[in-house]
Each structure stands twice: as C-alpha cells, then as structure tokens.
Number of protein chains: 2
Amino acid sequence: MSRSTVLRPMTPRAVGRLATYRRVLAGLAADGVAAVHSQDIAGLSGMTPSLVRQDLMRVGYRGNPQHGYDVRRLDAAIAATLGGPRADRAVLLGVGNLGRAILQYFRTAHPQLQMVAAFETDVDLVTTRCHGVPVRHLLDLEEIVGGEQVRIAILAVPAREAQAAADRLAALGVRSILNFTSTTVRVPEGTYVENHDIGLALERVAYFAHRPEEVRA
Amino acid sequence: MSRSTVLRPMTPRAVGRLATYRRVLAGLAADGVAAVHSQDIAGLSGMTPSLVRQDLMRVGYRGNPQHGYDVRRLDAAIAATLGGPRADRAVLLGVGNLGRAILQYFRTAHPQLQMVAAFETDVDLVTTRCHGVPVRHLLDLEEIVGGEQVRIAILAVPAREAQAAADRLAALGVRSILNFTSTTVRVPEGTYVENHDIGLALERVAYFAHRPEEVRA
C-alpha cells in the first residue's frame, strides 16, 4: 500500500484487535521471542495476516520484511496508539448483584481503572464500601463526580433508570459508558457506549443451543 | 411483502431483537395495554418500524392494520419462535473472580438457567458450593456432565486453558458457549459461541473516553 493511503477511522473493533495484538506480544515477550512476522501475529490472534498488517499501519512502526517486527518496539507503538498507560477514573451506577460482581471483578482483573465511587438508590447500601469502593446515594452523583474528571461510567441500574442515569453522566462530562443494563441509552454525539446485555446474550445462547443447523461460523 | 418472500436465516442479532420485543410487550402488558402497532414497538425498543415488521414476519402472527398486534398473542408467538419457556442446563468453567460473579448474578437474575455444576482446577475451591452451585474439579467434567444433557457452558477460565476446555465441552455435546475469557475459541460447526471479553470492552471504553471526535453513533 502506498503512503498516501488514507486510513479508515479507528473503530471499536480495531481498538479491540490492537489490544488483542498487545496480549499476543506480551506472551511472546514472556517466552523470550524478540521478533515476529505479521502472519504469526495473525495466527496467534485469530485474525488474517492482511487485517493485521492493515491494523499495524496505524501505529507508525513498519517492521522489516526479513526480520518482521521487533516485539517490544511494536508493543510500545501499539500502546502509544491506544493512548499509553493511563489510570482512568470511573464510577459505577447500580450496586445490585451485577454491580457488585462488576466491582469485585474489576478490582482484581483491571486495577488500572480507578473506581472513584459507586452509586445506589437503596439506602441500605449507601455509605458502606463494596469491594473497596465507597457507595453513595445517586442523589449525590453531581456533587461527588463534579470535580473529579471522571470519563468512564459503568451502568448496572434497572432498565427504567438507565436513560436518566445516562443523561446525568453525560452532563457531568463522562465520555464513555459500559452499559450492562437490559436497555440501550441515548447519548450526545461523541459519547461512546458499549452495550453488554447479559440477559440477551443468554437468550441467544439458549436459542442456538437447540438449533445447531442455524449456527453460522 | 408477498408470502413467497424467503426469510433470511435467524441470526444472533435477530434473536436478541425478538427477545427485546418480548421485554417491551411485557412492559405494555403490565401497564394494561392490550394492542400495539409495529411503530410503537419500534419506538419502545429502539429499532426502526420496518425492522420490527421484518422480524415479526418470523413469528406467524400477522396482526391487524387497524388495531395492530394483540400484546399477549404477539408475546406468545415470539416466545414460541424463540423456543418457549425452557429450563436449560448449564455448567460454568472457572470459579475465579469472574466466575463467582457470574454464578451470583445468574442465580438471581436468570434462575431459569439450571447450573448443574461449576468446575475449577484450584483444589481449595473444589467440593464447596458457590452461590448454591456445587464446585467440582475440572478432571471430573466428563463424569458429571456426561449423562446430564447439558447444552450450555459458560467459560471463565484463564485464556491459556480456554481452547482445551472448549474441546472437552464440544465432545460432551455442549452446543452453546458464553465465552467470558480473554481469548476466542474454535468449535465444531453448529456450536454457537458468544464472546464477551470484558477486558477488551474496557480497552475500547478507555480509548474512546479520550477521543470523542472518533466516536460514531
């Protein structure tokens, strides 16, 4: 491809693939591998070699046709493209079963995410700590989040409360929402929402469990 | 559309949409609403009216141009299309932080899913119960699952163990996998896999939190 090729805008899937390549590279580095070719990255990440090369054109490191990419340099280039190590501040709305599960999981598996606070409307849960995170009443959302530069929110409230919660978060400058509720939400332009409706996932899994003939690879 | 129109095969997204319409219909029924038009279902579910009508062509209930669809009849028709109420049997592999969170959440939010057992390789966790589900050693997977007609598995093991686990599950007749691991898995044709890599979701959320100009609706 020529240098004048215009890269397509970064998509959520491309971000996910680049993060996946970093995992592959971390594994190679741990095994003492110093250099890798795109076809090997492809095989290890489950992508096609051409897609890998297309993705890696974004990161400003070309590699070498003979030796491939230096594993550490490539990882650094991808990390820089993804924004580098960053301790993002986040809030969780909804400390029910799902919310508590999320807090516990993120605390151990993703400690780089700083959970500033979790919010609830059940007064029995407020002013406690849950998995190390203070739980406050949802009424205090603006007061607590206001000056904290929180860009990420995790939504685990009941469906009927999701839109109102999303509206308040957007007004507070939250730019990215991980939505675990059983509904979609409308957000201002420029706000990223990723939906993970586990209930619907279960519906799909249950449906296709009985219909192998309808499953497409 | 004429009766001779061939419906496209059911896709995971179509299953998810039909399940979403059922949620909308349940809400309408709870509010005492007896009949609904496709455009209202569309508005309440966040879909376009034409997509709703296309989806509902699958369920064998046409409705009435003047009165619309009877809420209860339509819900029953969708339920029948999705396979009707069914107590599916499932197993969970991996009782780490994520696995425990999943067990707790599914127990309360999705009790129709019968968790036969959870499996672990950490001997300290085996022979206990976790959120009401017996925890057994992964070595005993075939013995416990063998005769149980378990069609659904939830995968929450470390990435390096995921493919081996998927292979064993496929051999046992599991037809549908909800994959929460940080890797993809290969499965036989006809086996459905739905990937929910929360780590990658977080990477995407963190990336776009700082790049509103790259967010597309």
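Coordinates for the structure precede this section.
Described below are features of the structure shown in this document.

### As for the sheet that holds strand E4 (residues 114–120) of chain B
All names here are of chain B.
Right, on to step 1. With mixed pairing, the seven strands of this open sheet are ordered in space as E5-E6-E4-E3-E7-E8-E9. Lying at the two open borders of the sheet, with one neighbouring strand each, are strand E5 (129–130) and strand E9 (192–195).
Right, on to step 2. Examined bridge by bridge, E5 and strand E6 (residues 133–137) share two bridges and lie antiparallel to one another. Pairing of Cys130 across the sheet is with Val133, part of E6.
Right, on to step 3. Of the strands in this sheet, strand E3 (89–93), strand E7 (152–155) and strand E8 (176–179) are in contact with helix H7 (residues 159–171), which crosses E7 at around 170 degrees.

### Here's the deal with the packing of helix H2 (residues 38–45) of chain A against helix H3 (residues 49–56) of chain A
When two helices pack together, their arrangement is given by the angle between the helix axes and the distance between those axes.
Residue and element names in this part refer to chain A.
Right, on to step 1. Put simply, H2 and H3 touch, their axes get as near as 8 Å, and they point 110 degrees apart. What the angle tells us is that H2 and H3 run roughly perpendicular. Facing H2, whose interface residues are Ser38, Gln39, Ile41, Ala42 and Ser45, H3 presents Pro49, Val52, Arg53 and Leu56.
Right, on to step 2. Looking at side-chain class alone, the contact of H2 with H3 contains five nonpolar, three polar and one charged residues.

### Observations concerning the interface of chain B and chain A
Right, on to step 1. Counting residues at the interface gives 57 residues for chain B, matched by 57 residues for chain A.
Right, on to step 2. The contact between chain B and chain A buries some 5,400 Å² in all, and 64% of this surface belongs to carbon and sulfur atoms.
Right, on to step 3. Interface area lost by chain B to chain A is led by B:Arg23, B:Leu202 and B:Val205, which between them contribute 11%.
Right, on to step 4. Seen at the junction of chain B and chain A, the total is four salt bridges.
Right, on to step 5. Run the count over chain B and chain A and you get 17 residue pairs in polar contact (both at pLDDT 80 or more).
Right, on to step 6. Counting residues per element, the side of chain B that touches chain A draws most heavily on helix H8 (residues 198–209) of chain B, which supplies 12 residues.

### Overview of the relation of the copies chain B and chain A
Applying a rotation about an axis and a shift along it to one chain copy brings it onto the other copy.
Right, on to step 1. In the superposition of chain B on chain A (RMSD 0.0 Å, axial shift 0.0 Å), the rotation amounts to 180 degrees. Overall, the copies show the geometry of a two-fold rotation axis. For chain B, the smallest separation between a C-alpha atom and the rotation axis is recorded for B:Ala101, amounting to 2.3 Å.
Right, on to step 2. Interface overlap between copies: 100% of the residues of chain B at the interface are likewise at the interface in chain A, consistent with a symmetric, same-surface contact.

### Thoughts on the pattern of salt bridges
Right, on to step 1. Enumeration according to the criterion identifies 16 salt bridges over all chains in this entry.
Right, on to step 2. Residue B:Asp197 is joined to A:Arg23 by a salt bridge in which the shortest nitrogen-to-oxygen separation is 2.7 Å. You can see B:Asp197 sitting in the loop between E9 and H8 and its partner A:Arg23 sitting in helix H1 (residues 12–30), one on each of two chains.
Right, on to step 3. In this structure, B:Glu194 and A:Arg204 form a salt bridge, with 2.7 Å as the shortest nitrogen-oxygen distance. Of the two residues, B:Glu194 sits in strand E9 while A:Arg204 sits in helix H8 (residues 198–209), which places them in two different chains.

Conventions and cut-offs
Every residue gets a number counted from 1 within its own chain, in the order that chain's sequence is written. Lettering of chains starts at A and numbering of ligands starts at 1, both following the order in which they are written. Two thresholds apply to this predicted model, a pLDDT of at least 70 for residue-level local features and 80 or more for giving and counting side-chain atom pairs, whereas whole-chain, interface and lining totals are computed over all residues. Side-chain measures here rest on the full set of heavy atoms in the structure, leaving out hydrogens and waters. One bridge is not enough; two strands pair if DSSP finds at least two bridges between them. Numbering of helices and strands starts at the N terminus; helices are DSSP runs of H or I of at least 4 residues and strands are runs of E of at least 2. Every residue pair with non-hydrogen atoms within 4.5 Å of one another is taken to be in contact. The angle between two axes is taken between their N-to-C directions and runs from 0 to 180 degrees, where each axis is a line fitted to C-alpha atoms and a helix contributes only its stretch in contact. Each angle gets one of four labels, with under 35 degrees taken as roughly parallel, over 145 as roughly antiparallel, 65 to 115 as roughly perpendicular, and the rest as oblique. Each residue receives one of three labels: charged for Asp, Glu, Lys and Arg, nonpolar for Ala, Val, Leu, Ile, Met, Phe, Trp, Tyr, Cys and Pro, and polar for the others, Gly being one of them. Accessible surface is computed with a 1.4 Å probe, and the buried area is the amount of it that two parts give up when combined, taken over both parts together. A pair is scored as a salt bridge if a Lys or Arg side-chain nitrogen falls within 4 Å of a carboxyl oxygen belonging to Asp or Glu. Between N or O atoms, a polar contact is any pair within 3.5 Å; within protein, one atom must be a potential hydrogen donor and the other a potential acceptor, and residues adjacent in sequence are included only when both atoms are from side chains. Here the copies are matched by least squares. The fit uses the C-alpha atoms of residues with pLDDT of at least 70 in both.

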